[in-house]
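Letter by letter, the chains look like this.
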Number of protein chains: 4
Amino acid sequence: MQVFQIEGDWGFENLKLSTRPEPVAGRGQVLVAMRMAALNARDLIVPARGYGRATGELPLIPVSDGVGEVVATGEGVTRVAVGDRVCPTYFQNWVSGEPSSTRFSSALGGPLDGVMTELMCLDQNGVVKVPSYLSDAEAATLPCAALTAWSAIATYGQTRAGEQVLIQGTGGVALFALAFAKLHGAHVTVISSSDEKLETVRAMGADATINYREIPDWARASREITRENGGFDKIIELGGEATFPLSLRAIRPGGTISMIGVLSGLKLEASLGPIVARQIRLQGVTVGHRDGFEAMLRAMSQHEVKPVLGDRFAFKDLKAAMAHLREGDSLGKTLIEFGK
Amino acid sequence: MQVFQIEGDWGFENLKLSTRPEPVAGRGQVLVAMRMAALNARDLIVPARGYGRATGELPLIPVSDGVGEVVATGEGVTRVAVGDRVCPTYFQNWVSGEPSSTRFSSALGGPLDGVMTELMCLDQNGVVKVPSYLSDAEAATLPCAALTAWSAIATYGQTRAGEQVLIQGTGGVALFALAFAKLHGAHVTVISSSDEKLETVRAMGADATINYREIPDWARASREITRENGGFDKIIELGGEATFPLSLRAIRPGGTISMIGVLSGLKLEASLGPIVARQIRLQGVTVGHRDGFEAMLRAMSQHEVKPVLGDRFAFKDLKAAMAHLREGDSLGKTLIEFGK
Amino acid sequence: MQVFQIEGDWGFENLKLSTRPEPVAGRGQVLVAMRMAALNARDLIVPARGYGRATGELPLIPVSDGVGEVVATGEGVTRVAVGDRVCPTYFQNWVSGEPSSTRFSSALGGPLDGVMTELMCLDQNGVVKVPSYLSDAEAATLPCAALTAWSAIATYGQTRAGEQVLIQGTGGVALFALAFAKLHGAHVTVISSSDEKLETVRAMGADATINYREIPDWARASREITRENGGFDKIIELGGEATFPLSLRAIRPGGTISMIGVLSGLKLEASLGPIVARQIRLQGVTVGHRDGFEAMLRAMSQHEVKPVLGDRFAFKDLKAAMAHLREGDSLGKTLIEFGK
Amino acid sequence: MQVFQIEGDWGFENLKLSTRPEPVAGRGQVLVAMRMAALNARDLIVPARGYGRATGELPLIPVSDGVGEVVATGEGVTRVAVGDRVCPTYFQNWVSGEPSSTRFSSALGGPLDGVMTELMCLDQNGVVKVPSYLSDAEAATLPCAALTAWSAIATYGQTRAGEQVLIQGTGGVALFALAFAKLHGAHVTVISSSDEKLETVRAMGADATINYREIPDWARASREITRENGGFDKIIELGGEATFPLSLRAIRPGGTISMIGVLSGLKLEASLGPIVARQIRLQGVTVGHRDGFEAMLRAMSQHEVKPVLGDRFAFKDLKAAMAHLREGDSLGKTLIEFGK
């Protein structure tokens, strides 16, 4: 079968179309014919071995998110049946509960082989059925980006109606966080550098928006928005280095900043003072567990939440798709179509 | 000033229009000119001393829910100012945290004097400002019925988008619970004996309805509704004796039944088996604390949630209003207008 | 290999020493040579098909709790290795998170085959390694009784130092609950019908004891013990029908009653009034998940908590062991030794 | 009456023995004759207006922690009576629930007047009764240091038996955190620069110790201690700038770092990477609420936990006491005796 894999040595230049023998579903395993994949920022970091030892070993099939159809099941499989459409879970071993090294080391697309393969052989515990209202392209976007947003808003954030949430940017996690915060009745403010994108998120339900290119001190600008509340109850921190110091100022006493993204840099440079004195909680969020995935799907199904889709590329054009994602100009998830 | 009070002896016949000297706001207190009151089932039980020793002592001013305007403030008052429109909190001493005997014994309308008085003198910690989008009549309905529903759905229930909630009947708490469950993105099923009322709740957002007069075994009938979920995640138990055994069958393993009302009787007669074997949680809910009240008001304001109002009666017609409530045929809160 | 199984028809008379072919560990599975089993009240109910359809199908190997040694591992097994001493988890599919029908239907000793077999073939996710400080006999007692107590005290009860806990009786769950509540710094009261047993639990750390044969109204008697607290923070409800109405009186407002056992009967007959008015929580507890098991083992290891052992019987004398348990006179878990 | 106050201008040189008229207890207030005060690091920052606007206004009576006897009560006081021994709560308005600006701005010893006054007039809601087993000196140490430790270990940390906790240093909060973590059955590691102090904490129950002067990379050194756990479950972060990067390495995936102290500096300089990738929680902790104080006292009373006391100074020698604290060489709380 055809696969894309990093082989020989690390580096984008070593990401190649290749072949592997077809796997066979053993006891408790399912064979999934992949139909569609979706890219995340993470997928650009893996080929360069950007997570060090945690990136895995070569050869490595990249990309974490995708959807396919169960085409065979091994002995003892009860969770799914042939013909079911499923997403692999990002963490193959994290069913529920707290994270652990073992659970974290079971990530698809590095250190474990990812979805850029015509056939995936997975433990039945590592897949979830996807609802029929979603197209293949929509379903492919869920395992990382959507679940990260759900974990931040619902599982850890326990967002309530009437709370005020700030979301940074309009990337994959940001747009899902907007949708999920609105589902829970929250008041949502989105910041972005583009008026056009802010117009789009307003149409998606954002209650307030700030263009941080025009108003760099968005923390001050948000004071009027959160006047009665003394700051945001929750901040979905996606910018990292550049945004974190402002997040510390914009959060209310006792509020929670979900630490998810580091788009502008990894360096955490700030004063410890406000974290202590205003009793702020910083909660790192890394995707989430399967129970969260299934809870998210129930919520999405009921409200027929639709992921925002971007451009599509053929399987063989993975590197073009990655280049497109790296430019990062457009809204919506970049997709890879299998069989094209 | 004019008051209604139970005097001389307990019993409805001793509920009388009377007078008391006007109170003066001491340090930390506020004087509130009442404008509107709203009745709860509880108000029909108090005159007959239905809560025993916990009902309080005579003379007692009844009725728990109302709204008024701050007309004077004592020394050191900072929470509110003259001119603010406020609701007294049902539990005057329960600001936040866990309940206690002390907190529970500070209930308005028995054991403490209630709102059927032209002027109330309250600790500043025992009032909350109400948002301007609400009319006096709407605001008057909040302290017991709305907060009980909020506590069950949000504070204790932590209802998430996509969860399935069953609400019993169309009384005051039930209609607020419907509104709040919908705010949090839940799927809501309402049961009632009246098709007309079920039509109304559908218009208010209920996703599914069952007429339990036509389908007495609503637990079985709900199986189709909750098929994918294995039962309701949350049940707002308002019927008591008649509904509880069915609630035990309709809840999913690990689900929560909020124990609030006992309209059909107080007797708890059921098998312990399913509570243990299906790991069900029963959570008694008694109104709630002031922090919950303020969180609820933020949610209500954002979404401009409007309470359902019923018939109105003049202050002097309290007993007619109570008789009207006892009949219980109509939807919406029964109101008492001051100054009429 | 030798097994005990209920065969032909339900009923104790059909519980027989028999043989089955030796299983082989498939992918992801481990083969465990059982060394010791321990009996629970549940094991007396299964042979008579006391859980109805949930009891499983014939032939059925009974008994839930035991310990053995891994003697073979299938492909892909990473959680344990040959030579490890392990306990099977009671619920084979409940790794963590909330319960569900699927998770509840994976119980060993009915509906799934239990531990009365020389060799068990289990999914690697269905075993936990046991610490070396425990003897085989001690380790065998953990999967049901100890984990149920841990779930009630720690996972759901979140017992804190200084809280007051009431424990009913001196059975398997009760003695573990006593040990775990003391580990968390709680004040523990135990009730029993035997002064001798009460003396034993005092030696194990119980802070207060009541002989309910001498003082049938132990709820009233406990008032002095909980005077400053207004009742117990937590009650480990093991008696059921006879004790529950007293538990409702002895719990503090806002307290939690863990519903575990029904020794005196299944009938729940009480007034709903106090549950609502005192905002009591009833929390059904059914054993617990694997994450809880492993957290419990860390706590036990650190403090070298030793289970209380009772009489031992040879494998072939299972029925005598069950008869001994039914008499219920003695303290400590009844044990079955393999290879004898 | 005699007071110590910062008057005229900010600065230690303006901290002076002075007099104020005796206050009178109004409605809901109590008059407390102070007996003993205890110093915290915070008290050294206030005179220099180190918290900016949040420090309060002049003249200001400093010092947050103390104990005294109720000598008069105003109308409507029910929580305490004349003769009761009480501690003022650090946050006068924070009874329970989440923090807020209003609650945070009610701190004694800046912005509100502190305990260095012969008589304090406080709202009845701002005092807690102290158990009789504690001496005045012991009770005086509780409001800030002990409650901060309790909030970190119990209220927010929800520390369980068997968890591994790292505590930095041997200051006031650290020693209370050690005591409270042990009460909850945790395994505790303490780091310090002094072998002598480490010997003392071992005697107090610490399970492991590291001298960070000898072993500067205590994060690496702790790997052996936490080998089975993958890191500490909880870290009580008291060092700030110098310790935080090591804490990030020593915490387990999903663990919680309680951000409390900044002894070595305020600068937060670290990589965001591990917070996100290992899903770490940082939880700022600022003392805590009254409900927490009372829960802590129940736990302390049951186990007769004794605070570690340091040197004592007369009321008039406040500045000498502060100088002594600044040197920071000795273990135990620095005390101020009234009436001497």
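Because the structure is predicted, anything quoted here is derived from the model rather than measured.

A. Spotlight on the interface of chain A and chain D. With 37 residues of chain A at the contact, the number on the chain D side is 37 residues. Surface buried jointly by chain A and chain D totals about 3,000 Å² across both partners, of which 55% is contributed by carbon and sulfur atoms. Counting the surface chain A buries against chain D, the share from its top three residues, L268, L272 and Q279 of chain A, is 25%. At the junction of chain A with chain D, the criterion picks out two salt bridges. The salt bridge partner of R252 of chain D is E98 of chain A, with a shortest N-O separation of 3.0 Å. Of the residues belonging to the side of chain A that touches chain D, the class tally is 19 nonpolar, eleven polar and seven charged. Judged from the three bridges that link them, strand β14 (residues 281-284) of chain A and strand β14 (residues 281-284) of chain D form a sheet pairing that is antiparallel. Residue pairing across strands places Q283 of chain A opposite R281 of chain D, the latter belonging to β14 of chain D.

B. Quick peek at the domain arrangement of chain A. Residue and element names in this part refer to chain A. Here the domain parsing of chain A yields domain 1 (2-144 + 288-337) and domain 2 (157-284). Relative placement of domain 1 and domain 2: their C-alpha centres are 28 Å apart. Between domain 1 and domain 2, the residue contacts involve 13 residues of the former and ten residues of the latter. Carbon and sulfur atoms make up 86% of the surface buried where domain 1 meets domain 2, a total of about 890 Å² over both sides.

C. Representation of the interface of chain D and chain B. Of the residues lining the interface, twelve residues belong to chain D; the matching set on chain B comes to twelve residues. Contact between chain D and chain B buries roughly 790 Å² in total, counting both sides, with carbon and sulfur atoms accounting for 31%. Inspection of the region where chain D meets chain B yields four salt bridges. Notably, a salt bridge pairs R103 of chain B with D291 of chain D, separated by 2.8 Å at the nearest N-O pair. Here chain D and chain B share five residue pairs in polar contact (both at pLDDT 80 or more) between them. Of the residues belonging to the side of chain D that touches chain B, the class tally is one nonpolar, five polar and six charged.

D. Structural view of the side chain of T141 of chain B. Residue and element names in this part refer to chain B. Position of T141 among the secondary structure elements: in the loop between α3 (136-140) and α4 (142-156). The exposure class of T141 is buried, given its relative accessible area of 0%. At a separation of 2.7 Å, a polar atom in the side chain of T141 contacts the main-chain carbonyl oxygen of E138. The contacts of T141, once residues within four sequence positions are left out, are A38, D65, A146, F176, P307, L309, K333 and L335.

E. Here's a closer look at the relation of the copies chain A and chain D. Expressed as a screw operation, the relation of chain A to chain D combines 0.0 Å of axial shift with a rotation of 180 degrees, fitting to an RMSD of 0.0 Å. Interpreted geometrically, this transformation is the action of a two-fold axis. Interface overlap between copies is the fraction of interface residues in one copy that are interface residues in the other; for chain A against chain D it reaches 100%, indicating a shared surface.

F. Summary view of the relation of the copies chain D and chain B. Between the two copies, chain D and chain B, the superposition gives an RMSD of 0.0 Å; the rotation angle is 180 degrees and the shift along the axis is 0.0 Å. In this assembly the copies share their binding face: 100% of the residues contributing to the interface of chain D also contribute to that of chain B.

G. Broad picture of the side chain of D291 of chain C. Residue position: D291 of chain C is located in helix α10 (residues 290-303). For D291 of chain C, the side chain forms a polar contact with the side chain of R103 of chain A, separated by 2.8 Å. Residues contacting D291 of chain C, with those up to four places away along its chain left out, are S96, G97, E98 and R103 of chain A together with V95 and S96 of chain C.

Rules and cut-offs
- Every chain is numbered independently, its residues counted from 1 as its sequence is written.
- The order in which chains are written sets their letters, starting at A; the order in which ligands are written sets their numbers, starting at 1.
- Given that the model is predicted, a residue must reach a pLDDT of at least 70 before its local features are reported, and side-chain atom pairs must reach 80 or more before they are shown or counted; all residues, however, enter totals for whole chains, interfaces and linings.
- Side-chain metrics in this entry use all non-hydrogen atoms of the structure; hydrogen atoms and water are not considered.
- The contact criterion used is simple: two residues touch if any of their non-hydrogen atoms lie within 4.5 Å.
- Joining two parts hides part of their accessible area as seen by a 1.4 Å probe, and the buried area is that hidden amount summed over both.
- Only one rule defines a salt bridge in this text: a Lys or Arg side-chain nitrogen within 4 Å of an Asp or Glu carboxyl oxygen.
- Classification used: nonpolar for Ala, Val, Leu, Ile, Met, Phe, Trp, Tyr, Cys and Pro, charged for Asp, Glu, Lys and Arg, polar for all others including Gly.
- We call two strands paired when DSSP finds no fewer than two bridges between them.
- To qualify as a helix, a DSSP run of H or I must reach at least 4 residues; to qualify as a strand, a run of E must reach at least 2; elements of each kind are numbered from the N terminus.
- The domain boundaries here were taken from an automatic or database domain assignment.
- Throughout this description, a polar contact denotes any pair of N or O atoms lying within 3.5 Å of each other; where both atoms belong to protein, one of them has to be capable of donating a hydrogen while the other can accept it, and for residues adjacent in sequence the pair is counted only when both atoms sit in side chains.
- Think of it in three bands: with a 1.4 Å probe and only protein chains considered, a residue is buried below 20% of the maximum accessible area for its type, exposed above 50%, and partly exposed in between.
- Only residues with pLDDT of at least 70 in both copies contribute their C-alpha atoms to the least-squares superposition of the copies.

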